[in-house]
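Chain by chain, the residues:
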Amino acid sequence: MMSASLESRSKPTASSLGYPTEDGCHEMSEALKEGLTKDDVEAIYTDWANKSNGSYDENMANHVYKGPYLVAKAVNDNCPDKNIHILDIACGTGFVGQHLNHFGFSNVDGMDASSGMLEKAKAKHVYKNYFCSAIGPPNPSTNIPDHTYDVITIAGGFGPGHIPCEAVDEMIRIVKPGGFIFNITRANHLQTYSEYKDKWEPYIAKKEEEQKWREICRTIFKNYFFEKDGIMYIHEVL
Ligand SMILES: C[S@@+](CC[C@H](N)C(=O)[O-])C[C@H]1O[C@@H](n2cnc3c(N)ncnc32)[C@H](O)[C@@H]1O
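In what follows, the accompanying structure is described. (Residues numbered from 1 in each chain as written. Predicted model: local features only at pLDDT ≥ 70, side-chain atom pairs only at ≥ 80, totals over all residues.)

On to the overall build of the chain. Each helix and strand in the chain was counted, giving ten helices and seven strands. Against the globule reference of 18 Å for 238 residues, the chain gives a C-alpha radius of gyration of 19 Å, in line with a compact fold. Overall, the chain is about 70 × 40 × 40 Å in size when its C-alpha atoms are taken along their principal axes. Expressed as a percentage of the 238 residues in the chain, the buried residues total 40%. (Helix = DSSP H or I, 4+ residues; strand = E, 2+ residues; numbered from the N terminus. Rg over C-alpha atoms; globule rule 2.2 N^0.38 Å. Buried ≥ 20, exposed ≤ 12 C-beta atoms within 10 Å, placed from the backbone.)

Have a look at this one:
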């Protein structure tokens, strides 16, 4: 039986033990507020990338945010050829590129809407080409030729003012037939944010009806970001 003194002692929490908590990740909450414009999002990430204390890389390390590792591992598990041409969209400071390089993939390009995030990625030398661009409307299509890439990766690219549903068309255009799109994000984002709710699932299903791509699998990952679930979609471009 538990002693009275132990019963009365309050339970330690992650923050009382000094562990990082989602509550301490203020910028992530700021970047995910409903109603943000593309310019807001660009500014929030650029500021965060450059913070001297509590930068993106410090706050979003592997032990709290597993998206970059998981998407790179999925590429490694499914693509035996290490020379494939990969585009990492919403590459941020280059976490996915770092993991892909670690798995032996070196033919990787990075694209991000935030110049500040992209500058941090450049300093890591994990991508060959860098595109500072927001994919999807209202922007016109990228200048990337049709069927350039074997694989697209996206980790954490969906949220208010982030990648719009319609960007899927541009991704399909620049991937080779038979190539793959690996997309991991927080599971609730595509169901709850107004930009995706009642839109994302019908949109991606329509692309399947049009025989533009087919869904290979969708997998839920526990503790993707702190205790929150992630979802990874893998689509084959047809
Ligand atoms: C949560 S961060 C993820 C960064 C990186 N993939 C990672 O996992 O660490 C989201 C990134 O998406 C970028 N972003 C938002 N909307 C975008 C768009 N339409 N096109 C390209 N990048 C975008 C932001 O600038 C930001 O760097």
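What follows is about the site of the ligand. Lining the immediate surroundings of the ligand are 24 residues, of which A90, G92, S114, A155 and G156 lie closest. Going through the elements one at a time, helix 3 (38-50), helix 5 (67-78), helix 6 (95-102) and strand 2 (108-112) are the ones with two or more residues in the shell around the ligand. Classifying every residue of the shell around the ligand gives 16 nonpolar, seven polar and one charged. (Near = placed C-beta within 6 Å. Nonpolar A, V, L, I, M, F, W, Y, C, P; charged D, E, K, R; others polar.)

Our focus in this paragraph is the sheet that holds strand 5 (residues 175-186). Sheet strands pair via backbone hydrogen bonds, and the direction of the pair is either parallel or antiparallel. Spatial ordering of the open sheet is given by 3-2-1-4-5-7-6, a layout of seven strands whose pairing is mixed. The open sheet has two free edges, formed respectively by strand 3 (130-132) and strand 6 (213-225), since each of these has just one partner strand. Neighbour to neighbour, the strand axes of the sheet diverge by 15° on average, direction disregarded. Two elements, strand 6 and strand 7 (residues 228-237), share nine bridges in a ladder whose sense is antiparallel. Pairing of R214 across the sheet is with E236, part of strand 7. Against the sheet, helix 5 contacts strand 4 (149-155), strand 5, strand 6 and strand 7, and its axis sits at roughly 150° relative to strand 5. Sheet contacts for helix 7 (residues 115-124): strand 2 and strand 3; angle to strand 3, the most-contacted strand, approximately 170°. (Pairing = 2+ DSSP bridges. Axes fitted to C-alpha atoms, helices over the stretch in contact; angles between N-to-C directions. Contact = placed C-beta atoms within 7 Å.)

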